[in-house]
Amino acid sequence: MIFIVFARHSSTCSSATAGTLKQLDPQVVAERRLEFIAHGCGELTNNTFASHSAFLHALRTWGIRTNPLGQTCGSIHAVWSRIQEFENERNDLPYAVDGVVIKVDRYDHQESLGSTSRFPRWCIAYKYAAEQAITKLIQVDWQVGKTGKLTPRATMEPVFVAGTTVRHASLHNLGEVIRKDIRVGDTVVIEKAGEIIPQVVRVILDKRDKETPPIVPPDVCPECSSKVESEHDSTGKETGRYCTNAE
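Here's what I pulled together on the structure shown here. Sequence order as written defines residue numbering, which begins from 1 separately in each chain. Selection of residues for local features in this predicted model requires a pLDDT of at least 70, selection of side-chain atom pairs for listing and counting requires 80 or more, and totals for whole chains, interfaces and linings are taken over all residues. Hydrogens and water molecules were not included; the side-chain quantities draw on all heavy atoms of the structure.

**Looking at the packing of aromatic side chains**
How two aromatic rings sit relative to each other is set out by the distance from centre to centre and by the angle between their planes. The criterion for an aromatic pair is that two Phe, Tyr or Trp rings (for Trp, the six-membered ring) have centres within 6.5 Å, with stacked assigned to planes under 30 degrees apart, edge-to-face to planes over 60 apart and tilted to the rest. Under the definition given, this model contains four aromatic pairs. An angle of 65° between the planes, with centres 6.4 Å apart, marks the rings of Phe-49 and Trp-62 as edge-to-face. Placement of the pair is Phe-49 in the loop between α2 (26-32) and α3 (52-61) and Trp-62 in the loop between α3 and β2 (71-73), with a sequence separation of 13 residues. Relative accessible area serves as the criterion here: at 55%, Trp-62 is assigned to the exposed category. The way it works is that DSSP assigns letters per residue, a run of H or I at least four long becomes a helix, a run of E at least two long becomes a strand, and they are numbered from the N terminus. Buried means the residue's accessible area, taken with a 1.4 Å probe over protein chains only, is under 20% of the maximum for its type, while exposed means over 50%, and partly exposed covers the values in between.

Shown next, in the form of structure tokens:
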């Protein structure tokens, strides 16, 4: 079976494109210089192409740009070799790439494999490990969500990761703060979950001041000063806190 491998643009690229297309000012859109590159064929009527690589070749002869990084592989072993090679190559590209997409090349094979209700069985994405960065946690604030749950939010020394400068990150909930033993003043490793949402992955304990105290969650709601209730897991460990004010 023959496979074809493409670079997979990161969510940052997709978000930037979507935001540009929603602009009401055409001058702003023009300044961003979006370009079209064909990756797929959509629905074809009276398809005369035997494979996806043949279809892409035809597009290029018609003057339609295709992904120049696409590569046809003769076996799954060649696919894996290409994935490993491209992990380093992607760092030299002028745009963000977070993985590759592997497709079965022949259209009759694609048709035989079919699709589920959610995705085709002849195509799969391989994502590389998220880019990480090291910074220092300088403050934790508690925010109240619409369910009344108190969520800790980290403020850190600004650091560049996955295409943007990050200063804030979600700590998710009190249970995660306790499990990862996160403390104000810690040196932490961060990454973007799904290439979008910054989060603290772990603490570098070797760089912690031994006198750094644990984070103490609030006893009253930071928004309305109402009493808060604790939530516990099956082992009795506290996992979160909620504001008791129904309003």
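We are not done yet, so read on.
**Things to note about the nonpolar core**
In this text, buried Ala, Val, Leu, Ile, Met, Phe, Trp, Tyr and Cys residues form a nonpolar core when linked through side-chain atoms within 4.5 Å. One finds Met-156, Leu-171, Ile-182, Ile-190 and Val-200 to be the most contacted residues of the largest nonpolar core, which totals 24 residues. Sort the elements by how many residues they give to this core and strand β6 (residues 150-161) lands first, with five residues. Not counting residues up to four positions away in its chain, the partners in contact with Met-156 are Thr-135, Lys-136, Leu-137, Ile-138, Val-166, Arg-167, His-168, Ala-169, Val-188, Ile-190 and Val-200. Counting 12 residues, the second-largest nonpolar core is a separate cluster that includes Ile-83, Phe-86, Ile-102 and Val-104. Contact criterion: two residues are considered in contact whenever any of their non-hydrogen atoms come within 4.5 Å of each other.

**Concerning the side chain of Lys-103**
Relative to the helices and strands, Lys-103 is located in strand β3 (residues 97-104). Buried within the structure, Lys-103 lacks any salt-bridge partner; Asp-105 is the closest side chain of opposite charge, at an N-O distance of 9.1 Å. Counted as a polar contact is a pair of N or O atoms within 3.5 Å, where, for protein atoms, one must be capable of donating a hydrogen and the other of accepting one, and residues adjacent in sequence contribute only when both atoms are in side chains. Only 3.2 Å separates the side chain of Lys-103 from the backbone oxygen of His-39, close enough to count as a polar contact. When charges are counted, Lys and Arg contribute as positive and Asp and Glu as negative, whereas His and the chain ends are disregarded. The term salt bridge refers to a pairing of a side-chain nitrogen on Lys or Arg with a carboxyl oxygen on Asp or Glu at a separation within 4 Å.

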